[in-house]
Every structure is written in structure tokens, then in C-alpha cells.
Amino acid sequence: MRAMLLSRIVSLDEVDTPLELVDLPVPEPNPGEVLIRVSACGVCHTELDEIEGRTAPPKLPIIPGHEVIGRVEALGRSVTRWKPGERVGVGWIHSSSGESDENVCPKFQATGRDTNGGYAEFMTVPEDYAYPIPDTFTDTQAAPLLCAGAVGFRALKLTNIKDGDLLGMTGFGGSAHLVLQTAKHLFPHTKTFIFARDPAAREFALQLGAEWAGDTTDRSPQQLHAIIDTTPAWKPVVEALKNLRPSGRLVINAIRKEDADKDYLLNVSYHEHLWMEREIKSVANVTRRDISEFLPLAAEIPVTPEVQTYKLEEANRALVDLKHRPIKGATVLLIDE
Ligand SMILES: [Zn+2]
């Protein structure tokens, strides 16, 4: 099978071809696993963190990719949930304890980091960590729901907002544009305020129904009950804290932060940014339940994912673009047969 393989940790500022197109044997599903013929795989910012070593794979080489859509090709022994031909998705959680805290437990294994992922024509996954995909979505539309959508949904839950509260988001890419649509559905009286440095992203947010959109350093017209940060940087975190009302919560939806602007944290004033019981909470990974709940919800809304597509063999260009260019919505690789 064709696959894009990561064999070494590199900086994308120095190397623009971190992955290599290779031909590998089709993997065999172990007992309890399904083999999936992949049709689409989203490109997530976490892949940059893997390639550049911020969350390095424990062993190399590895096939990245954790927003996978495909069809069940073959069943391992004792699989009962699936039949060949059924359309399924795979997210960041490849396997874990199955308990409610499986996203933070030591058994957590990440798709495309701890085990081979979806930048390939085939991959395997435990049957319990594959999900049915609602018919509403094409393969391309469905791919970003598996991470950008589902982890964003977890972040939205962790804000603890109730209907009518004011919600902010700093950064407006693959995840935030799905969270905005989800928030409007779950909390119809909640107004959303978007902070983004790219004018096109601000315009896109307003098109999707945001109440207001400003630059990263702007003050929102009202103080907000919660803000979700989907950026890799620190400046948006510090600036967002100024827009939180007392007891407000900032949820950082990122597996890793980059260090490039870490000095910006020296601008934190306890009085201005944190006092009055303002708090910061991170989002760690995702549970099977988050993804299982989010997919039918996304179909019910229905969310409309904005997607830029690349071919599998163009994965390097997709990654470099994700790092260096403003991208409208999410990025997806199409794996044709
Ligand atoms: Zn992801």
C-alpha cells in the first residue's frame, strides 16, 4: 500500500519534505481489530507537533494521521460490531481503558503517533475505536469531525457555559469553525466573539454567525464567560485572559504549544489576567464517548465543514501550508485507490 512515512524528527522551517512516500505491506488486523481502506484523512496541527518533536512518536518510523475516514476491508478474529464495506471513522484515540477518564490515563494510545495512522491506503484499529459516519457527510467533510470537531466539542463542554453565556474563541481554523457552529446549536442564545489575526478568518467567522470578530489583541465589546484557544502560540492566551469576566474560564485546546513566543508570558499580570478567580484549563486528547456523541450531533445541526483538499502524496505541502499559511477551515488528504 502507499503511505506517507515519518522517519525522523525535523523542523518544518528547515525541511519541507518531512514525510516520504513509500510502499508498505497492507497491515493484518489483530484479534478485535478491523482493517480499514482509507479514503480521506484530515491534516491536524498535532502532526506538526509530532514531526517537530513536541509530541514525538515513541518509535519511528510511523504513519501519521488521526482524522480517518474509510470502509471496513477485513475483520480480525472475534470482531462483532462491524461488517466489511461499512463506512467508519477513526480519531486521535486509537485505544485506551474505555473508562470515563480514558483520555488522560496511561493506557491512552494516539492514532498516527503511538501506532500507524491514516496517511496511507490502509490502517487497523480496535473495533471499539471505530465510529459509524452519518450519511449527511461526504468522506472529505467527515474527516475533520474526527479530531478538529470532536476535540473542539470536548473543549466546548469543558467551558461549562450555559445558554446565553458569552463565548469567545481565539484562533479560527479547522477546529474553531466547527465549534462555532456546534455552540450556536447547543446554546442558541449564546453570542460568540472571535479573535483571529487573519482578516479572512474573521470574515469567515462572521459569515458563520459570530457576533463579533477582532484581531488577537483586540478587546471584545463585552467581557466573556469563557474563551477557547485553538492556537499554537502564547500571545493569544495572554490576550484572551484580558477579555474574560471574573470567574471566567480559558480552555486551551492544543496538545502542545510552540515556544516561539513564550516570552509573551512575561506580560502576564496576576491582577489583570488571573485575579478574580479567572482560570485556565487544558484539553487532553479525547474519549470514545466524545467522538460517539459528536458525530450524530454534527449531522443533526448539521455542521458544514469547510475543507481544503490535497492528494495523499501532497501531504508534505499540506503540512507546510498548515504551518505557514492562513487556511480557511480544515485540511484533508484524499487517498484514491
Ligand atoms: Zn488532531
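Residues numbered from 1 in each chain as written. Predicted model: local features only at pLDDT ≥ 70, side-chain atom pairs only at ≥ 80, totals over all residues.

Peer 1: Honestly, the nonpolar core in this entry has me stumped. Any pointers?
Peer 2: Nonpolar side chains in soluble globular proteins generally cluster together in the buried interior. Ile36, Ala205 and Leu333 are the most contacted members of the largest nonpolar core, which totals 101 residues. Apart from the residues lying within four places of it in its own chain, the contact partners of Ala205 are Phe172, Leu180, Ile194, Ala196, Ala210 and Ala213. (Core = buried A, V, L, I, M, F, W, Y, C linked by C-beta atoms within 7 Å. Buried ≥ 20, exposed ≤ 12 C-beta atoms within 10 Å, placed from the backbone. Contact = placed C-beta atoms within 7 Å.)

Peer 1: Which parts of the structure should I look at to understand helix α8 (residues 288-300)?
Peer 2: For an α-helix the count is 3.6 residues per turn, leaving residues at separations of three or four pointing the same way. End to end, α8 covers 19 Å across 13 residues, agreeing with the expected 18 Å (1.5 Å per residue, within 8%). Looking at α8, one finds that the buried residues are Arg288, Asp290, Ile291, Phe294, Leu295 and Ala298. Its buried side turned inward, α8 meets β6 (93-95), β9 (131-132) and α3 (148-158). (Helix = DSSP H or I, 4+ residues; strand = E, 2+ residues; numbered from the N terminus. Expected span 1.5 Å × (residues − 1).)

Peer 1: Hey, could you run me through the sheet that holds strand β13 (residues 224-229) in this one?
Peer 2: Remark on secondary structure: sheet strands pair via backbone hydrogen bonds, oriented parallel or antiparallel. In space, the 6 strands of this open sheet follow the order β12-β11-β10-β13-β14-β15, with parallel pairing throughout. Two strands bound the open sheet, and with one partner strand each, they are β12 (212-214) and β15 (279-282). Strand-to-strand twist in this sheet, taken as the mean axis angle between neighbours without regard to direction, amounts to 20 degrees. Sheet topology note: the β13/strand β14 (residues 244-252) ladder contains 5 bridges and is parallel. Bridging across to β14, Ile227 finds its partner in Leu250. Packed on one face of the sheet, helix α4 (residues 176-186) meets β10 (167-170), β11 (192-195) and β13 and runs near 170 degrees to β10. (Pairing = 2+ DSSP bridges. Axes fitted to C-alpha atoms, helices over the stretch in contact; angles between N-to-C directions.)

Peer 1: What's the story with unusual backbone geometry in this structure? I'm lost.
Peer 2: Backbone geometry follows two general trends: most residues other than glycine have a negative phi, and most peptide bonds adopt the trans configuration. The amide bond that connects Leu60 to the next residue, Pro61, takes the cis arrangement and shows omega of 0 degrees. With respect to the element layout, Pro61 can be found in the loop between α1 (45-51) and β4 (68-75). Looking along the chain, the bond that leaves Ile301 and enters Pro302 is cis, with omega of -25 degrees. Among the secondary structure elements, Pro302 is positioned in the loop between α8 and β16 (307-311).

Peer 1: Sorry, what's going on with helix α5 (residues 199-207) here?
Peer 2: Looking only at α5, the buried set comprises Ala201, Arg202, Phe204 and Ala205. Buried residues in α5, looked at end-on, bunch into an arc of 160 degrees, giving them a common side. Set apart from the buried face of α5 by more than 90 degrees, the exposed residues are Pro199, Ala200, Leu206 and Gln207. For α5, the elements touching its buried residues are α4, β11 and β12. Immediately beyond the C-terminal end of α5, within one or two residues, lies Gly209, with a positive phi of roughly 105 degrees. (Arc of directions from axis to C-beta.)

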